[in-house]
Amino acid sequence: MAKSPVNVTVTGAAGNIGYSLVFRIASGEMLGPDQPVRIKMLEITPALKAAEGTAMELNDCAFPLLDGIDITDDPNVAFSGCNFGLLVGSMPRKQGMERADLISANGGIFGPQGKAINDNAADDVRILVVGNPANTNAVIAAASAPDVPASRFNAMMRLDHNRALSQLAEKLNVPVSSVKKMIVWGNHSADQYPDISFCEVDGKPACGLVDEAWLDDYFVPTVAKRGAAIIEARGKSSAASAAAAAIDHMHSWACGTPAGDWVTAAIPSAGQYGVPEGLSYGFPVTSDGKEWKVVEGLEISEKTQSKIKFNADKAAAEIDTVKSLGIM
Ligand code: NAX
């Protein structure tokens, strides 16, 4: 029997990432080739016309799985019946803006969107926050949605995970598919810690294949600062790769992760690996198609543990800023 359509809400749908994202959602790459979708685009009022242009192109693709498109500037309408929400739209950091100013501006977006999700979304709603600072925005949105389990609010670390896979595969001259069990601990920020301690390359431990100096001096900073390198080269921030990562994240969550591997997702900590409860934090996770489960019991080195703590302290400080601004 054919599946009923699900509602997928995309905020900032007329932006750079949105323009790459919606076509892949409609083609079935996110939820599978047998799952029809209705796409609900949320934009700010001045960008509604651009969103209409994107919708025209979506229709012109004649995707068999696309059941319909709604365009609105009202979060209550956008999240009505939402099963999957991709929160991409946010306020970019402008020149001279302090981090606290950015958090304050985005608190004004993700708080009300969290409330709209609380009041209007479907019972099974799952949310991925992409807009930066993604981890903190996910905590803000979850705090405004007391009737939705906090575990349904994720932040995107999959782009960092994919970047790490690609860097290691390139170094070892193997296809990306040969590399398993990558981890990126922490926040989507330059402080994140890409960790190959448990990586396997064609079944062999990766640690023996690269030296520590390459890891510390090239791999970690290249992955963590890749966003800035792309802006430098392209004059614009990552868009297609960010959209691909969002598709990967939702696909893994909704369709499950393969046996013998895991992915990185930022989910609310329950205290695993010493990360304070409630922080939205990048962990190694598996999914059964319904819920994420943190991969526990890994033997963490002292060095990695100190990086995990450093990132957790940074994430906690950001939440303290949010609280001091009265956002939650
Ligand atoms: P753009 O500026 O191209 O697009 C953002 C869109 O959001 C615009 O069309 C704008 O009108 C819309 N918007 C703003 N406020 C809104 C609101 N309240 N409701 C609905 N829509 C709203 O940015 P883009 O390049 O698409 O990046 C979007 C966000 O993703 C940014 O915050 C960016 O920093 C973040 N990123 C996060 C990444 C991650 O790995 N977590 C990586 C890529 C990207 O940098």
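Each chain has its residues counted from 1, running along the sequence as written. Reporting of local features is limited, given that this is a predicted model, to residues whose pLDDT is at least 70; pairs of side-chain atoms are given and counted only at 80 or more, and all residues count toward the totals for whole chains, interfaces and linings. By convention in this description, side-chain values take in all heavy atoms of the structure and omit both hydrogens and water.

J.: For the UniProt feature "binding site: substrate" (unreviewed entry) in the protein chain, give the residues involved together with the corresponding values.
T.: UniProt positions are given in the numbering used here, feature names are shortened, and annotations may be inferred rather than shown by experiment. The sites that carry the UniProt feature "binding site: substrate" (unreviewed entry) are, in the present numbering, Arg-93, Arg-99, Asn-132 and Arg-163. These annotated residues cover 71 residues of sequence, and their C-alpha atoms reach 24.7 Å apart at the extremes, leaving them scattered rather than at a single site. Going along the chain from the N terminus, every DSSP run of H or I of four or more residues is numbered as a helix, and every run of E of two or more is numbered as a strand. Within the secondary structure, Asn-132 sits in the loop between strand S5 (126–129) and helix H5 (134–143). Residue classification places Asn-132 among the partly exposed positions, given a relative accessible area of 33%. Here, residues are in contact when the closest pair of their heavy atoms is within 4.5 Å. Those residues in contact with Asn-132 that lie beyond four places of it in its chain are Ser-90, Asn-106, Asn-137 and His-188. The topology assignment puts Arg-163 in helix H6 (residues 158–172). When a residue's accessible area, from a 1.4 Å probe over protein chains only, is under 20% of the maximum for its type it is buried; when over 50% it is exposed; and in between it is partly exposed. In this structure Arg-163 comes out as buried when scored by relative accessible area, which is 10%.

J.: How would you explain the pairing of strand S12 (residues 263–268) if you had to name every residue and give the values?
T.: When you tally the buried positions in S12, you get 5 out of 6 residues, the bulk of the element. Two strands are counted as paired when DSSP detects at least two bridges linking them. Alignment of S12 against strand S13 (residues 280–287), held across 6 bridges, turns out to be antiparallel. Its bridge partner being in S13, Ala-265 is matched across the sheet by Phe-283.

J.: Hey, could you go over the sheet that holds strand S11 (residues 204–205) for me, with residue numbers and the actual values?
T.: Spatial ordering of the open sheet is given by S7-S10-S11, a layout of 3 strands whose pairing is antiparallel. Every other strand in the sheet has two partners, leaving strand S7 (179–180) and S11 as the edge strands with one partner each. Bridging between S7 and strand S10 (residues 200–201) involves 2 bridges; their strand directions are antiparallel. Across the sheet, the residue bridging to Lys-180 is Glu-200, located in S10.

J.: How would you summarise the side chain of Thr-304 if you had to cite specific residues and measurements?
T.: Tracing the backbone through its elements, the reader meets Thr-304 in helix H10 (residues 302–324). On the accessibility criterion, Thr-304 (3% relative accessible area) is buried. For Thr-304, the contacting residues outside a window of four places in its chain are Trp-185, Tyr-193, Asp-195 and Ser-197.

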